[in-house]
Amino acid sequence: MARTAGSHAETTGPRVRAAAQRLIARHGYAAVSMRQIAAEVGVQAGALYLYTPDKQTLLFDLMRLHMEELLAACEALPEPCDPRAALAQFARFHIGYHIDRPEAVFIAYMELRNLSPENFAVIEGLRRRYEERLEAILKAGTAAGVFALPDLRLATRAIIAMLTGVTHWFRDMGPMGRDEVADQYAEMVLKTASAR
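Residues numbered from 1 in each chain as written. Predicted model: local features only at pLDDT ≥ 70, side-chain atom pairs only at ≥ 80, totals over all residues. Heavy atoms only, no water.

- An unreviewed UniProt entry lists the protein under the name TetR family transcriptional regulator, with Cereibacter johrii as the source organism.

Next comes the structure, spelled out in structure tokens:
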């Protein structure tokens, strides 16, 4: 297959990543070949190597970009002084951010097993930075006596898993809108963490 007329690095590179994300989310990393990605983009398979050295790097780049953008968006949020407000804000943010990116979320969670050990360590470090944001909120709330959580790390992971799960079932055409879902999840998280 010949190169698509008018394709350029500044447009083809993002198209390669978008096609890889779509195909990996749909079929799984192991089932997707570089040839399939090239066909989706409309370039020869060999041309992909102008944009990525191999499929492993492409997977790593997709995950790294997702985590870096997530961290940047989270770090840009205003910091409420009250731990309850901070926890509710985190829950709403997490759901709102992830609902719009179900393919990236699926890959970031389900394809970790396909990363090389070196790449896994980098992604795990980025994930840990994100978890630390929530853990700090829970720690502040526990210190203030508004949260009662015996194991902050376990609570952090449980809350993130619960919030991320929305991407598996939420549809914009469903009975609840995204804001209503985010509000109800924020309330559930607050009830879970609250001191009785």
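## Concerning the packing of helix 4 (residues 83–99) against helix 6 (residues 117–143)
Next up, step 1: The contact between helix 4 and helix 6 brings their axes to 8 Å, and the two run at 155°. By the angle between their directions, the pair helix 4 and helix 6 is classed as roughly antiparallel. Two packed elements cross with a definite hand, and for helix 4 against helix 6 that hand is left-handed. Packed against helix 4, whose contacting residues are P83, A86, L87, F90, F93, H94 and H98, the element helix 6 presents Y130, R133, L134, I137, L138, A140 and G141 at the interface.
Next up, step 2: Per-class residue counts for the contact of helix 4 with helix 6 are 10 nonpolar, 3 polar and 1 charged. (Axes fitted to C-alpha atoms, helices over the stretch in contact; angles between N-to-C directions. Helix = DSSP H or I, 4+ residues; strand = E, 2+ residues; numbered from the N terminus. Parallel < 35°, antiparallel > 145°, perpendicular 65-115°, else oblique. Left-handed = near helix turned anticlockwise from the far one by under 90°. Contact = heavy atoms within 4.5 Å. Nonpolar A, V, L, I, M, F, W, Y, C, P; charged D, E, K, R; others polar.)

## Points about the UniProt feature "DNA-binding region" (unreviewed entry) in the protein
Next up, step 1: Summarizing the sequence annotation, UniProt attributes the feature "DNA-binding region" (unreviewed entry) to residues 33–52 in the numbering used throughout.
Next up, step 2: The span residues 33–52 shows a helical share of 40% and a strand share of 0%, and its end C-alpha atoms are spaced 13 Å apart. (UniProt positions renumbered as here; feature names shortened; annotations may be inferred.)

## Let's talk about the environment of T167
Next up, step 1: With respect to the helices, strands and loops of the structure, T167 is situated in helix 8 (residues 166–169).
Next up, step 2: T167 sits in the buried class, given a relative accessible area of 12%.
Next up, step 3: In the structure, T167 is positioned 64 residues away from E103 in sequence and 9.1 Å away in space, judged by C-alpha atoms.
Next up, step 4: Apart from the residues within four sequence positions on either side, T167 is in contact with H98, I99 and V105. (Buried < 20%, exposed > 50% of the residue type's maximum accessible area, 1.4 Å probe, protein only.)

## A look at helix 6
Next up, step 1: The terminal C-alpha atoms of helix 6, which comprises 27 residues, lie 36 Å apart, in line with the 39 Å expected from a rise of 1.5 Å per residue.
Next up, step 2: Listed in full, the buried residues belonging to helix 6 are N119, I123, L126, R127, R128, Y130, E131, L134, E135, I137, L138 and G141.
Next up, step 3: Against helix 3 (55–75), helix 4, helix 5 (102–110) and helix 7 (152–164) lie the buried residues of helix 6.
Next up, step 4: Just beyond helix 6, the residue with positive phi is G145, at close to 85°. (Expected span 1.5 Å × (residues − 1).)

## Remarks on the pattern of salt bridges
Next up, step 1: Taken as a whole, this structure holds 11 salt bridges when the rule is applied.
Next up, step 2: R22 is the salt-bridge partner of E40, the closest N and O atoms lying 3.2 Å from each other. With a gap of 18 residues between them, E40 in helix 2 (residues 34–41) and R22 in helix 1 (residues 9–27) connect regions that are remote in the sequence.
Next up, step 3: E40 sits in the partly exposed class, given a relative accessible area of 38%.
Next up, step 4: Measuring nitrogen to oxygen at the nearest pair gives 3.1 Å for the salt bridge that ties D172 to R178.
Next up, step 5: Overlapping salt bridges bring together R128, E131, E132 and E135 as one network. (Salt bridge = Lys/Arg side-chain N within 4 Å of Asp/Glu carboxyl O.)

## A few points about the nonpolar core
Next up, step 1: Within the largest apolar cluster, 57 residues are counted, with the highest numbers of intra-cluster contacts made by I37, L87, Y130 and L138.
Next up, step 2: Contributing elements (two or more residues each) for this core: helix 1, helix 2, helix 3, helix 4, helix 6, helix 7 and helix 9 (178–193). (Core = buried A, V, L, I, M, F, W, Y, C linked by side-chain atoms within 4.5 Å.)

## Overview of the packing of aromatic side chains
Next up, step 1: Applying the stated criterion across every chain yields a total of 4 aromatic pairs.
Next up, step 2: Summarising the aromatic geometry, the rings of W169 and F170 are spaced 6.2 Å apart at their centres and angled 70° between planes, so their arrangement reads as edge-to-face.
Next up, step 3: Relative accessible area serves as the criterion here: at 7%, F170 is assigned to the buried category.
Next up, step 4: Relative to Y185, the ring of W169 has its centre 6.5 Å away and its plane inclined at 25°; by these criteria the two rings are stacked. Of this pair, W169 sits in helix 8 while Y185 sits in helix 9, placing them 16 residues apart in sequence.
Next up, step 5: Here the aromatic cluster, defined as three or more aromatic residues joined through ring pairs, consists of W169, F170 and Y185.
Next up, step 6: A cation over a ring is seen here: K55 above Y29, with NZ or CZ 4.3 Å from the ring centre. (Phe/Tyr/Trp six-rings, centres within 6.5 Å; stacked < 30°, edge-to-face > 60°. Lys NZ or Arg CZ within 6 Å of the ring centre and 35° of its normal.)

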